[in-house]
There are 2 protein chains.
Amino acid sequence: MKIKIEEAKRKDIKSIVELGKEMADFHQRVDDYYVSGNEAENSFKKRLGEILSERGAKVLIAKAKNRILAYGIAFIEKPKTYIKPKKIGHLTDLYVREKYRKKGIGRQMFNKFLEWFKTYSIKHIELSVDAKNKIAIAAYKKYGFFEYKKRMRLDL
Amino acid sequence: MKIKIEEAKRKDIKSIVELGKEMADFHQRVDDYYVSGNEAENSFKKRLGEILSERGAKVLIAKAKNRILAYGIAFIEKPKTYIKPKKIGHLTDLYVREKYRKKGIGRQMFNKFLEWFKTYSIKHIELSVDAKNKIAIAAYKKYGFFEYKKRMRLDL
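Calculation notes
Residues numbered from 1 in each chain as written. Chains lettered and ligands numbered in written order. Predicted model: local features only at pLDDT ≥ 70, side-chain atom pairs only at ≥ 80, totals over all residues. Helix = DSSP H or I, 4+ residues; strand = E, 2+ residues; numbered from the N terminus. Least-squares fit on C-alpha atoms with pLDDT ≥ 70 in both. Axes fitted to C-alpha atoms, helices over the stretch in contact; angles between N-to-C directions. Parallel < 35°, antiparallel > 145°, perpendicular 65-115°, else oblique. Left-handed = near helix turned anticlockwise from the far one by under 90°. Contact = placed C-beta atoms within 7 Å. Nonpolar A, V, L, I, M, F, W, Y, C, P; charged D, E, K, R; others polar. Pairing = 2+ DSSP bridges.

Student: How should unusual backbone geometry be read in this particular structure?
Tutor: Backbone phi values are negative for most residues with the exception of glycine, while trans is the configuration of most peptide bonds. Positioned with a positive phi, Lys65(A) is a non-glycine residue whose angle comes to about 50 degrees. Relative to the helices and strands, Lys65(A) resides in the loop between strand E2 (57-64) and strand E3 (67-77).

Student: What should I look at first to understand the relation of the copies chain B and chain A in this one?
Tutor: Two copies of the chain are present, and they differ by a rotation about an axis and a shift along that axis. Rotating chain B by 180 degrees and moving it 0.0 Å along the rotation axis overlays it on chain A with an RMSD of 0.0 Å. The transformation relating the two chain copies, once decomposed into turn and shift, fits a two-fold axis. In terms of proximity to the rotation axis, the leading residue of chain B is Lys150(B), whose C-alpha is 2.4 Å off the axis.

Student: Would you take a moment to explain the packing of helix H1 (residues 13-30) of chain A against helix H2 (residues 37-51) of chain A for this structure?
Tutor: Helices that pack against each other are described as a pair by the angle of their axes relative to one another and the distance between those axes. Residues and elements named next belong to chain A. Where H1 meets H2, the closest approach of the two axes is 9 Å, and the angle between their N-to-C directions is 135 degrees. Classified by the angle their axes make, H1 and H2 are oblique. The two elements H1 and H2 cross, and the hand of that crossing is right-handed. Of H2, the residues touching H1 (which contributes Ile-13, Ile-16, Val-17, Gly-20, Lys-21 and Ala-24) are Ala-40, Glu-41, Phe-44, Lys-45, Leu-48 and Gly-49. Its residues assigned to classes, the contact of H1 with H2 shows seven nonpolar, two polar and three charged.

Student: Honestly, the interface of chain B and chain A in this entry has me stumped. Any pointers?
Tutor: Note: interface size is frequently given as the accessible area lost on complex formation between the parts. Across the boundary between the two partners, chain B contributes 37 residues, which contact 37 residues of chain A. Broken down by secondary-structure element, the contributors of at least two residues to the side of chain B that touches chain A are helix H2 (37-51), strand E5 (124-130), helix H4 (134-142) and strand E6 (146-155) of chain B. A total of ten residues in the side of chain B that touches chain A trace back to one element, the largest contributor, which is E6(B). A class-by-class count of the residues in the side of chain B that touches chain A yields 21 nonpolar, five polar and eleven charged. Pairing between strand E5 (residues 124-130) of chain A and E6(B): seven bridges, direction antiparallel. Bridging from a neighbouring strand, Leu127(A) pairs with Met152(B) of E6(B).

Student: Where do I start with the pairing of strand E6 (residues 146-155) of chain A in this structure?
Tutor: Walk down a regular strand and you will see the side chains alternate between the two sheet faces. Sheet topology note: the E6(A)/E6(B) ladder contains seven bridges and is antiparallel. Considered in E6(B), the bridge of Glu147(A) is made with Met152(B).

Geometry only, nothing functional implied.
Printed below as a string of structure tokens:
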């Protein structure tokens with residue numbers, strides 16, 4: 001299967017939102033705290049439209065035979081003042097359609113983001129992942145990420 | 001030792017910033033990614049001044065014999081759209097001077113924040129903690145928090 005990684009365009013919004021909905025539904029099955037279904041779809045669609053015309057943002061898709069199998073979103077960010085770097089890379093989304101996992105698509109996409117981050121002289125990349133999402137955590141560790149903070153929650 | 005938990009005022013800024021510097025120095029020893037020393041002090045001082053006049057923000061201090069032993073900062077926040085609640089409580093700082101730990105001061109402060117959160121009908125409280133800060137993680141678990149996301153980082 002020939003995979004092509006490319007920048008997302010406005011015409012890809014519909015397909016990406018479909019994938020985003022799959023990801024939201026996965027999260028919602030794991031933890032009822034997350035939104036899913038139409039609510040997730042609508043807010044993601046709106047956000048994606050904005051991101052596509054944002055500077056310092058990048059949306060990538062993986063395509064095979066004209067079908068979108070994965071998408072990813074990353075930003076160049078000015079972090080809070082309690083850390084040293086004046087800018088960091090932030091990977092907010094990286095989702096590969098379930099059937100197409102374990103084929104290195106995520107890795108290929110990540111490498112493209114890495115190239116992009118390097119053009120901004122980024123030295124640190126951050127991401128958040130659900131603590132129950134063992135597969136994603138294992139993948140990110142393979143890419144060289146380590147856990148440095150925990151996000152904790154109390155439900156009253 | 002008689003401990004009093006009260007709201008911080010402008011005149012407390014100097015003492016709170018001292019404690020904040022202690023906390024920043026602790027973090028910096030754990031992970032060189034964090035700022036410390038004068039840089040941490042200056043940015044915290046500036047931020048604290050702003051917070052003290054912010055609506056939906058609360059700064060508490062614990063005092064004994066007119067000395068500040070602990071401080072905490074919390075906010076009422078409108079979270080990102082991918083979670084269900086329309087508002088959450090966010091505890092950003094909770095620091096007890098080293099010598100005064102294990103006396104329940106953190107717990108007393110947390111209970112005060114809890115009362116405040118409840119006046120806003122908050123159902124979910126979030127916080128971030130360094131993954132290496134075992135003592136804080138254990139304390140937050142005792143208060144009922146659980147880890148729900150991991151923040152991961154890649155240093156290039």
